[in-house]
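Given next are the chains, with one letter for each unit.
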Amino acid sequence: MVDLYFKGREGSTMNSYKSSYKRLLELCREAEVSIFRMGEEERCAIWVEAGLAGISAAGLRGISAVIAMVNELMGLSDMTSGRERTIKKSVIKEVNLKKVHKEKRRPGTIRDVKAIVEEARRTDSKADWRLAAMVVLCIFGCRRHDDLLRIRVEDVTISRSRIRIFMRKNKTDVYNEGSVCSITAGGRAFDVKGFLEEYFRKLSLEKGCCVFPKNVGKGGKGMPTTYPTMYKELEMMKGKVGLQGNLTWHSWRIGSISRGNQLGVRRTSIKAAGLWKSSCVDVYCGPSAEPGFG
């Protein structure tokens, strides 16, 4: 009956809760609870078993959502008592205390950028060139990966001294008015303008094309690539050029502002460059041993 009910729900909803449903069945077996009769006492037993299994807070939220759907199907009350909330809160707290924290993300450096660019030139792979171009714009533009993912060629204006990128949408642009990213065209550390022009020629990018197209070969380039693709390619690149494992896409943005902070750039200028709306920029202004950007 539960399976039939789930089939009637939207596919996207059920795909997101598929693993949570399987985990709930396992917890029910461990607690000797029927999935068809999950009252307050039974749910408390499930939360205790979840705590013993070390399920994460995110996993507990998924299980909680599935329990609500099953209770909806069975016509059972979904009211949560104070006792159940206390047990659930205690389980989450215990899981968080035991959780092994992820290794802190390392700020990206110009040395890392150069290694990736050199590898793209060595392999002459268009996918490697696309990856290198994204890395270059992220670190020199102090941008999030997602801010740049969908920009098009016509959004990029290259002059003698500056590169201007119009972003149609970004994380802090709540009204979708668009915002501008400005990058110095060249410097002692790296020639951004020369590299970007080389990249456009390499992928045959022209007006109407995405700067980071899904299709890097022959054919249309109007569809942007995806985050999973770029994430996978960065992981592969780290292995090829020997970069540290805790280097992520956000590392380039962290490295950019960390270096600016070390060079004495005013915090208000860093905040404006990165389009921050809050004081969270302070978290990223950490130390960096990288030479200046030029």
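Because the structure is a prediction, the values reported are computed rather than measured.

Points about the environment of Lys-89
Point 1. Relative to the elements of secondary structure, Lys-89 occurs in helix H5 (residues 82–98).
Point 2. According to the relative accessible area criterion, Lys-89 is exposed, its value standing at 64%.
Point 3. Separated by 42 residues in sequence, Lys-89 and Trp-47 have C-alpha atoms that sit 9.6 Å apart.

Here we look at helix H3 (residues 40–53)
Point 1. Under the 1.5 Å per step criterion, the end-to-end length of H3 is 20 Å for 14 residues, consistent within 8% with the ideal 20 Å.
Point 2. Along H3, the positions that sit buried rather than exposed are Arg-43, Cys-44, Ile-46, Trp-47, Glu-49, Ala-50 and Gly-51.
Point 3. A positive backbone phi angle near 70° is found at Gly-54, which sits one or two residues after H3.

Brief notes about the packing of aromatic side chains
Point 1. Applying the stated criterion to the full structure yields six aromatic pairs.
Point 2. Taking the centre distance of 5.6 Å and the plane angle of 25° together, the rings of Phe-140 and Phe-190 count as stacked. Of this pair, Phe-140 sits in helix H7 (residues 126–141) while Phe-190 sits in the loop between strand S3 (179–184) and helix H9 (192–202), and the two are 50 residues apart along the sequence.
Point 3. Phe-140 gets classed as buried once you look at its relative accessible area, which sits at 16%.

Some remarks on the sheet that holds strand S1 (residues 156–158)
Point 1. One open sheet accounts for three strands, arranged S1-S2-S3; its pairing is antiparallel. The sheet terminates laterally at S1 and S3, the two strands that pair on one side only. If you compare each strand with its neighbour and ignore which way they point, the axes differ by 15° on average.
Point 2. H9 contacts S1, strand S2 (162–167) and S3 of the sheet and is inclined by roughly 125° relative to S1.

With respect to the packing of helix H6 (residues 110–123) against H7
Point 1. Close contact between H6 and H7 brings their axes to 8 Å; oriented N to C, the two are set at 160°. On the basis of the axis angle, H6 is roughly antiparallel to H7. Regarding H6 and H7, the two cross each other, and that crossing is left-handed. Packed against H6, whose contacting residues are Ile-110, Val-113, Ile-116, Val-117, Ala-120, Arg-121 and Thr-123, the element H7 presents Asp-128, Trp-129, Leu-131, Ala-132, Val-135, Val-136, Ile-139 and Phe-140 at the interface.
Point 2. Of the residues belonging to the contact of H6 with H7, the class tally is 12 nonpolar, one polar and two charged.

Observations regarding the nonpolar core
As a rule of thumb, nonpolar side chains are buried together in soluble globular proteins.
Point 1. Formed by 47 residues in total, the largest nonpolar core has its most connected members in Leu-148, Ile-151, Ile-165, Tyr-199, Phe-212, Trp-249 and Trp-252.
Point 2. Of all the elements, H7 adds the most residues to this core, at 11 residues.
Point 3. For Leu-148, the contacting residues outside a window of four places in its chain are Met-134, Leu-137, Cys-138, Arg-143, Ile-165, Met-167 and Phe-212.
Point 4. Ranked by size, the runner-up nonpolar core spans 18 residues in total, among them Leu-24, Ile-46, Val-66 and Val-91.

A short note on H9
Point 1. Of the residues making up H9, those classed as buried are Val-192, Phe-195, Leu-196, Tyr-199 and Phe-200. Around the axis of H9, the buried residues are gathered within 135° of arc, so they sit on the same side.
Point 2. Looking at the buried positions of H9, the neighbouring elements they touch are H6, H7, S1, S2 and S3.
Point 3. By the N-cap criterion, in which a side-chain oxygen at the helix start approaches the backbone nitrogen of a residue two or three places on, H9 is capped by Asp-191, the distance to Lys-193 being 3.5 Å.
Point 4. Ser-204 lies just past H9 and shows a positive phi near 55°.

Regarding the packing of H6 against helix H10 (residues 227–241)
Point 1. With their axes 10 Å apart at the nearest point, H6 and H10 run at an angle of 90° to one another. Of the possible angle classes, the one that applies to H6 and H10 is roughly perpendicular. The residues of H10 that touch H6, namely those facing Ala-115, Ile-116 and Glu-119, are Met-237, Lys-240 and Val-241.
Point 2. Across the contact of H6 with H10, the residue classes tally to four nonpolar, no polar and two charged.

Here's the deal with the side chain of His-145
Point 1. With respect to the helices and strands, the residue His-145 is situated in helix H8 (residues 145–148).
Point 2. For His-145, the residues in contact, after removing those within four places along its chain, are Met-134, Cys-138, Tyr-227, Met-230 and Trp-249.

A short note on the confidence of the model for the protein
Point 1. When pLDDT is averaged along the protein, the result is 81; 80% of the residues meet or exceed 70.
Point 2. Confidence drops under pLDDT 50 across residues 287–294; counting only partners more than four residues distant or on other chains, this segment forms 26 contacts.

About the thresholds
- Residues numbered from 1 in each chain as written.
- Predicted model: local features only at pLDDT ≥ 70, side-chain atom pairs only at ≥ 80, totals over all residues.
- Heavy atoms only, no water.
- Helix = DSSP H or I, 4+ residues; strand = E, 2+ residues; numbered from the N terminus.
- Buried < 20%, exposed > 50% of the residue type's maximum accessible area, 1.4 Å probe, protein only.
- Expected span 1.5 Å × (residues − 1).
- Phe/Tyr/Trp six-rings, centres within 6.5 Å; stacked < 30°, edge-to-face > 60°.
- Pairing = 2+ DSSP bridges.
- Axes fitted to C-alpha atoms, helices over the stretch in contact; angles between N-to-C directions.
- Contact = heavy atoms within 4.5 Å.
- Parallel < 35°, antiparallel > 145°, perpendicular 65-115°, else oblique.
- Left-handed = near helix turned anticlockwise from the far one by under 90°.
- Nonpolar A, V, L, I, M, F, W, Y, C, P; charged D, E, K, R; others polar.
- Core = buried A, V, L, I, M, F, W, Y, C linked by side-chain atoms within 4.5 Å.
- Arc of directions from axis to C-beta.
- Polar contact = N/O pair within 3.5 Å; in protein donor to acceptor, adjacent residues only side chain to side chain.
- pLDDT = per-residue confidence, 0-100.

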